[in-house]
Amino acid sequence: MAKAYASAIIPAPIEKVWRTVRDFNGLPGWHPGIARSEIEDGRAADAVGCVRSFYLQDGTHVREQLVALDDVQHQLSYVFATPAFPVRNYLAWMRLSPVTATGATFAEWCATFDEAPEDAGKYEAIVAQHVFAPGWQALAAQLG
């Protein structure tokens, strides 16, 4: 099983960061790789089970389903409904924790998934370095 992971310190209070991250339809507002997004079937963006349908800047269409949202623990998780690349059993989560010494937020974004043997490590690096890390960098710049 592959694991993609990126973390960052966001120089903003956890409540402010969580308001942005918990909006399952809000990626275009802070992630530079996302062109546009909508929640299917008119559902709320914080309804567990909702599906966000979005387009990357290169036109790739992706669909992801929200499977958990926890306002107390400041975390959410989602799965691919229509993947951006050929992997199986994709499960991703975002988790925020307060940095009590500074008032900043420690942000983690992780995904586990199965790659084909010939792709071992390929999508792990792409997701961590080209999706998760730039997302956190952009969010830190926007909120900091």
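Since we're looking at a predicted model, the values are computed, not measured. (Residues numbered from 1 in each chain as written. Predicted model: local features only at pLDDT ≥ 70, side-chain atom pairs only at ≥ 80, totals over all residues. Heavy atoms only, no water.)

Moving on, we get to the environment of Gln-57. Residue placement: Gln-57 occurs in the loop between strand 3 (51-56) and strand 4 (61-70). A relative accessible area of 52% places Gln-57 in the exposed class. With 23 residues separating them along the chain, Gln-57 and Ile-34 place their C-alpha atoms 5.6 Å apart. When residues no more than four places from it in sequence are discounted, the contact partners of Gln-57 are Pro-32, Gly-33, Ile-34 and Ala-35. At 3.3 Å, the side chain of Gln-57 and the backbone oxygen of Ile-34 are in polar contact. (Helix = DSSP H or I, 4+ residues; strand = E, 2+ residues; numbered from the N terminus. Buried < 20%, exposed > 50% of the residue type's maximum accessible area, 1.4 Å probe, protein only. Contact = heavy atoms within 4.5 Å. Polar contact = N/O pair within 3.5 Å; in protein donor to acceptor, adjacent residues only side chain to side chain.)

Three- or four-residue spacings in an α-helix give side chains the same orientation, since the helix completes a turn every 3.6 residues. When the terminal C-alpha atoms of helix 2 (residues 122-143) are compared, their 31 Å separation across 22 residues agrees well with the 32 Å that a helix rising 1.5 Å per residue should span. At Ala-133, helix 2 shows its largest bend, some 30°, and a proline, Pro-134, comes one to four positions later. Taken as a whole, helix 2 has its buried residues at Tyr-123, Val-127, Ala-128, Phe-132, Gly-135, Trp-136, Leu-139, Ala-140 and Leu-143. In this structure, the buried side of helix 2 is in contact with strand 1 (2-10), helix 1 (14-21), strand 5 (75-82), strand 6 (87-99) and strand 7 (104-115). (Expected span 1.5 Å × (residues − 1). Bend = angle between axes of the 7 residues up to and from the residue.)

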